[in-house]
Amino acid sequence: MMEDLGDSVENSYISNNAVGARQRRALNGNSYSTIPTQASSSHDADSLKRRNASFGAPSLNSLSQKSNTFISLFQSTAHLTEGPNKPYYQDNYNDSSWNLSCGTAEDDGVWMNSSDSAGTIMAVLVWLLLGYSAWTFVALGASGGVPAFLSDTYVVLCVLALASHAKTTLTDPGSVPQAAVPNERMRMEMGTPDHPLSMCSQCQTFKPPFSHHCRICNRCISRMDHHCPWMNNCVGAGNMKHFILFLLYTWSCSVFSLLLLGWNYFMCSSEECTFNGVLTQLVRAVTVLSIGALLFTSSMIMNVTFGLLTGIGTIDRLKKKANNSIGEAVEEPIPLKDVFGIGPYWTWLLPVDPLFEDFDKVVGYSTTQRLLREETRDDTDRVFSPSGLSKDMLSI
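Let me begin by describing the structure that accompanies this report. (Residues numbered from 1 in each chain as written. Predicted model: local features only at pLDDT ≥ 70, side-chain atom pairs only at ≥ 80, totals over all residues. Heavy atoms only, no water.)

In contact at an axis separation of 13 Å, helix α3 (residues 117-143) and helix α6 (residues 240-267) are set at 35 degrees when each is read in the N-to-C sense. Where α3 crosses over α6, the handedness of that crossing is left-handed. In contact with V126, L130, F137 and L140 of α3, α6 contributes F246, S257, L260 and L261. Looking at the contact of α3 with α6 residue by residue, the classes come out as 7 nonpolar, 1 polar and no charged. (Axes fitted to C-alpha atoms, helices over the stretch in contact; angles between N-to-C directions. Helix = DSSP H or I, 4+ residues; strand = E, 2+ residues; numbered from the N terminus. Left-handed = near helix turned anticlockwise from the far one by under 90°. Contact = heavy atoms within 4.5 Å. Nonpolar A, V, L, I, M, F, W, Y, C, P; charged D, E, K, R; others polar.)

Attention now goes to the nonpolar core. Considering soluble globular proteins, one finds that nonpolar side chains tend to be buried as a cluster. Counting residues in hydrophobic clusters, the biggest one holds 36 residues, and the most contacted among them are L140 and F243. The set of elements that each furnish at least two residues to this core consists of α3, α4 (148-170), α6, α7 (278-310) and α9 (337-340). In terms of residue count, α6 provides more of this core than any other element does, 10 residues in total. Setting aside anything within four residues of it in sequence, one finds L140 in contact with G145, V146, L261, F275, L279 and V283. (Core = buried A, V, L, I, M, F, W, Y, C linked by side-chain atoms within 4.5 Å. Buried < 20%, exposed > 50% of the residue type's maximum accessible area, 1.4 Å probe, protein only.)

As a further point, take the packing of α3 against α4. It is the contact of α3 with α4, at a shortest axis distance of 9 Å, that shows an interaxial angle of 170 degrees. What the angle tells us is that α3 and α4 run roughly antiparallel. Between α3 and α4 lies a crossing whose hand is left-handed. Residue-level contacts link A123, V126, W127, L130, S133, A134, F137, V138 and G141 of α3 to S151, Y154, V155, C158, A161, L162, H165 and A166 of α4. The residue makeup of the contact of α3 with α4, split by class, is 13 nonpolar, 4 polar and no charged. (Parallel < 35°, antiparallel > 145°, perpendicular 65-115°, else oblique.)

With that out of the way, let us pick up α4. The first and last C-alpha atoms of α4 sit 33 Å apart over 23 residues, in line with the 33 Å expected at 1.5 Å per residue. Those residues of α4 that fall on the buried side of the exposure criterion are L150, S151, Y154, L157, C158, A161, L162, S164, H165, K167, T168 and T169. On its buried face, α4 sits against β6 (110-111), α3, β13 (233-235) and α6. (Expected span 1.5 Å × (residues − 1).)

Moving on: a nonpolar patch on the surface. A surface patch of nonpolar side chains, amounting to about 390 Å² of accessible area, comprises V124, L125, L128, L129 and L289. By the secondary structure assignment, L129 is in helix α3. On the basis of relative accessibility, which here comes to 36%, the residue L129 falls in the partly exposed class. (Patch = residues over 30% accessible without salt bridge, like charges linked within 9 Å, V, L, I, M, F, W, Y side chains within 5 Å. Areas by Shrake-Rupley, 256 points an atom, 1.4 Å probe, with all protein chains shown as cover. Salt bridge = Lys/Arg side-chain N within 4 Å of Asp/Glu carboxyl O.)

Of note, the phi angle at N218 is positive, near 60 degrees, even though the residue is not glycine. Summarising the element assignment, N218 is placed in the loop between β10 (212-214) and β11 (219-221). One non-glycine residue, R223, lies in positive phi territory at about 45 degrees. Locating R223 in the fold gives a position in the loop between β11 and β12 (226-228).

Those residues of helix α8 (residues 314-322) that fall on the buried side of the exposure criterion are T314, D316, R317 and K320. Looking down the long axis of α8, one finds its buried residues gathered within 160 degrees of arc, a one-sided arrangement. Facing away from the buried surface of α8 by more than 90 degrees, the exposed residues are L318 and A322. Buried residues along α8 sit in contact with β10, β12 and α7. One or two steps after α8, the chain reaches N324, where phi turns positive at roughly 55 degrees. (Arc of directions from axis to C-beta.)

On to the side chain of H212, then. Following the sequence through the fold, H212 ends up in strand β10. Polar contacts involving the side chain of H212 include one to the side chain of D316, which spans 2.8 Å. In contact with H212, not counting residues within four places along its chain, are K207, R219, C220, I221, M224, I315, D316 and K319. (Polar contact = N/O pair within 3.5 Å; in protein donor to acceptor, adjacent residues only side chain to side chain.)

For the coordinates displayed, the defined rule picks out 5 aromatic pairs. Each ring, one from Y154 and one from F256, has its centre 6.4 Å from the other, and the planes form 20 degrees; the classification is stacked. In this pair, Y154 sits in helix α4 while F256 sits in helix α6, placing the two residues 102 residues apart along the sequence. A residue is classified by how much of its surface remains accessible, and Y154, at 2% relative accessible area, is buried. Here F256 falls in the partly exposed class, since its relative accessible area comes to 21%. Here the aromatic residues F137, Y154 and F256 are joined through ring pairs into a cluster of three or more. (Phe/Tyr/Trp six-rings, centres within 6.5 Å; stacked < 30°, edge-to-face > 60°.)

Structure, rendered in structure tokens:
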């Protein structure tokens, strides 16, 4: 009856927090996650996409519609298609570990890589350097060397950069669980002699496409880009958004500080804005740090942008270059909704977990628990259906 049982997906990215619970978006005080039902056909999905694309479109003749358009930019569209007779249904089950332990194992409740001492030192160093630069600008604002509101702006950028760094470090990058299984569509597309399904020899689990085994984290990571020592964590499907935000906010801090200090150096003509004594040495150190951070983050932003546009991660790109097969790549670009989610657009700028439209598609696998919950729900819908038939049968 079910056209594609393996295509059931859990649309909220679930990440381990301080108590090991999975974080989900809240609607009217109730946590929820959206999962596509099997009742929607490809035609329904295309119609849904067109409806979502046209939702909130501005009207030239109606002022109220223009107002709704502006409001829609700050609202999630997931709830528009969530319900018993719509393409998405509710799944509140929490199947992550509740253990108060830190580590990268599946039983650990808090994701934290503690096996790499060098990575831990480098991650702490990021906090020290950003904290030092923020403190320097606070001192400059207090002394009158720069306007107070500009120094406050720089501090806000540093706080956002550090928050994004913390989320990248402490968020599960997309580790593949032992219960991972390929969905039905993946079996049909890849379960052939030309495209066989692969298993990880280290984890002894299913290995999704574009995933790699990290020897430091000792886990297979879905859509793994690379292991970043500055984050002390892998960068994968689960924390790519936070990593991009860290790069953007750090790049913004570097540009902002160089512009502000450069303006002070060339335009200052009074003693009130002149740096004296210790402040001069602090500013010189911040200038050197800003130049180094600008060069590094600029190269990383171009690297990530190339990966999103081509669908080829850093590890895969290096392998293809070594084999001289970069021109034969068949990967597709990664949609922004598979990185930043389908929540309100203002959440794209904040280091909060994204709400994915198709969770299984993003991570490249499903789980037996999710498939079982969907099958149970399908049986329930069949029992309470007025005609006694399931929605899948009614859609045929």
